[in-house]
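Chain by chain, the residues run as shown.
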Amino acid sequence: MGENGRSADGKNLHQIVCVRCNSKILPPDMGTFVSCEMELTSFEKDKAGETDKVTEFYRVEDMFHFDNLGFTNTVNNIKYLSCADCDLGPIGYHDLNSKLSFVALSRVKFVQ
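Now for a description of the structure that goes with this document. (Residues numbered from 1 in each chain as written. Predicted model: local features only at pLDDT ≥ 70, side-chain atom pairs only at ≥ 80, totals over all residues. Heavy atoms only, no water.)

## What about the overall build of the protein?
Okay, so step 1: The secondary structure content of the protein amounts to zero helices and nine strands.
Okay, so step 2: The order of helices and strands in the protein, counted from the N terminus, is β-β-β-β-β-β-β-β-β.
Okay, so step 3: Computed over C-alpha atoms, the radius of gyration of the protein comes to 13 Å, within 12% of the 13 Å expected from 2.2 N^0.38 for 112 residues, which places it in the range of a compact globule.
Okay, so step 4: Here the contacts in the protein between residues at least 6 apart in sequence split such that 47% fall between residues at least 24 apart.
Okay, so step 5: A total of about 6,300 Å² of accessible surface is found on the protein, and carbon and sulfur atoms cover 47% of it. (Helix = DSSP H or I, 4+ residues; strand = E, 2+ residues; numbered from the N terminus. Rg over C-alpha atoms; globule rule 2.2 N^0.38 Å. Contact = heavy atoms within 4.5 Å. Areas by Shrake-Rupley, 256 points an atom, 1.4 Å probe, with all protein chains shown as cover.)

Here's what the structure looks like:
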């Protein structure tokens with residue numbers, strides 16, 4: 001097993017699930033670790049309306065690789081990702097220009 005649940009080539013080794021309802025979001029080996037910076041609105045009650053700088057993501061090449069995912073309306077060529085079952089989000093974003101999705105590691109959990 002690689003560092004932080006990643007394989008040698010950066011793929012997620014475990015199922016990614018929602019932190020609130022445990023709904024399956026992304027199967028193993030479908031995301032590739034990338035380090036980039038994005039401001040995401042906090043979904044914590046005590047930080048409502050604030051943004052968090054998120055820097056660790058799994059990049060997903062095809063939106064059809066997801067198990068269960070919701071997308072927001074488009075804002076500046078970005079759709080924000082949420083849990084399709086409980087609507088928790090944003091847990092990442094989808095870039096309409098590149099057609100790539102990015103799941104924030106800090107906003108999901110991993111199960112074996």
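Resuming the write-up.
## Digging into the nonpolar core
Okay, so step 1: Counting 16 residues, the largest nonpolar core has I25 and F66 as its most contacted members.
Okay, so step 2: Put simply, the parts of the chain that give this core at least two residues each are β1 (15-18), β2 (24-26) and β4 (51-60).
Okay, so step 3: Contact partners of I25, with chain neighbours within four places excluded, come to Q15, I16, V17, C18, F66, D67, N68, L69, I91 and V108.
Okay, so step 4: If you look at the next biggest cluster of nonpolar residues, it comprises 10 residues, including M38, L40, F57 and F102. (Core = buried A, V, L, I, M, F, W, Y, C linked by side-chain atoms within 4.5 Å. Buried < 20%, exposed > 50% of the residue type's maximum accessible area, 1.4 Å probe, protein only.)

## Some points on a nonpolar patch on the surface
Okay, so step 1: Residues M63, F64 and F71 make up a contiguous nonpolar surface patch of about 330 Å² in total accessible area.
Okay, so step 2: Structurally, F71 is set in strand β5 (residues 70-71).
Okay, so step 3: Among the residues examined, F71 registers a relative accessible area of 34% and is labelled partly exposed. (Patch = residues over 30% accessible without salt bridge, like charges linked within 9 Å, V, L, I, M, F, W, Y side chains within 5 Å. Salt bridge = Lys/Arg side-chain N within 4 Å of Asp/Glu carboxyl O.)

## With respect to the sheet that holds strand β8 (residues 100-104)
Okay, so step 1: An order of β3-β4-β8-β7-β6-β5 is seen for the six strands of this open sheet, with the pairing classed as antiparallel. Of all strands in the sheet, those bounded by a partner on one side alone are β3 (32-41) and β5. (Pairing = 2+ DSSP bridges.)

## Thoughts on the state of the cysteines
Okay, so step 1: By the definition in use, this model includes zero disulfides.
Okay, so step 2: Among the cysteines around C21, which has no disulfide bond, C83 carries the closest sulfur, lying 3.6 Å off. (Disulfide = S-S within 2.5 Å.)

## Things to note about the environment of K99
Okay, so step 1: The topology assignment puts K99 in the loop between β7 (92-95) and β8.
Okay, so step 2: A sequence separation of 34 residues divides K99 from H65, and the C-alpha atoms of the two residues are 13 Å apart.
Okay, so step 3: Once residues within four sequence positions are removed from consideration, K99 is found in contact with E61 and H94.
Okay, so step 4: At 3.1 Å, the side chain of K99 and the backbone oxygen of L96 are in polar contact. (Polar contact = N/O pair within 3.5 Å; in protein donor to acceptor, adjacent residues only side chain to side chain.)

## A few points about the environment of L88
Okay, so step 1: Relative to the helices and strands, L88 is located in the loop between β6 (78-82) and β7.
Okay, so step 2: Considering only alpha carbons, one finds L88 and F71, 17 residues apart in sequence, at a separation of 11 Å.
Okay, so step 3: Sequence-distant contacts of L88, that is, excluding residues within four places in its chain, are made with C18, V19, R20, F43, S82 and C83.

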